[in-house]
Amino acid sequence: MTNITDEPAYLIELAEVLEASEETTLGPTDAHLAAVALLHYAAFLDANTPMSAL
């Protein structure tokens, strides 16, 4: 398992685990990291998606 201090690598590993599982319960730290990653991804999409694509 990746050290949590290497946050980008940890998030990639977490995403792979979530994608491979039908049901997953996250602890508070993983839930927070997933929420922050989703918020950052949403902001990225918002900033980089042309209005014509909507």
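Structural notes, computed from the coordinates. Keep in mind that this is a model prediction, so the values were computed, not measured. (Residues numbered from 1 in each chain as written. Predicted model: local features only at pLDDT ≥ 70, side-chain atom pairs only at ≥ 80, totals over all residues. Heavy atoms only, no water.)

Focus on the side chain of aspartate 30
Then, number 1: The topology assignment puts aspartate 30 in helix H2 (residues 28–48).
Then, number 2: Relative accessible area serves as the criterion here: at 19%, aspartate 30 is assigned to the buried category.
Then, number 3: One polar contact links aspartate 30 to tyrosine 10, side chain to side chain, over a distance of 2.4 Å.
Then, number 4: Excluding residues that lie within four positions of it along the chain, aspartate 30 makes contacts with Tyr10 and Leu14. (Helix = DSSP H or I, 4+ residues; strand = E, 2+ residues; numbered from the N terminus. Buried < 20%, exposed > 50% of the residue type's maximum accessible area, 1.4 Å probe, protein only. Polar contact = N/O pair within 3.5 Å; in protein donor to acceptor, adjacent residues only side chain to side chain. Contact = heavy atoms within 4.5 Å.)

Topic: a nonpolar patch on the surface
Then, number 1: Residues Tyr41, Phe44 and Leu45 make up a contiguous nonpolar surface patch of about 320 Å² in total accessible area.
Then, number 2: Structurally, phenylalanine 44 can be placed in helix H2. (Patch = residues over 30% accessible without salt bridge, like charges linked within 9 Å, V, L, I, M, F, W, Y side chains within 5 Å. Areas by Shrake-Rupley, 256 points an atom, 1.4 Å probe, with all protein chains shown as cover. Salt bridge = Lys/Arg side-chain N within 4 Å of Asp/Glu carboxyl O.)

Section: the packing of helix H1 (residues 7–20) against H2
Then, number 1: With their axes 11 Å apart at the nearest point, H1 and H2 run at an angle of 95 degrees to one another. The pairing of H1 with H2 is recorded here as roughly perpendicular in orientation. Mapping the contact onto sequence places Glu7, Tyr10, Leu11 and Leu14 in H1 and Asp30, Leu33, Ala34 and Ala37 in H2.
Then, number 2: Its residues assigned to classes, the contact of H1 with H2 shows 6 nonpolar, no polar and 2 charged. (Axes fitted to C-alpha atoms, helices over the stretch in contact; angles between N-to-C directions. Parallel < 35°, antiparallel > 145°, perpendicular 65-115°, else oblique. Nonpolar A, V, L, I, M, F, W, Y, C, P; charged D, E, K, R; others polar.)

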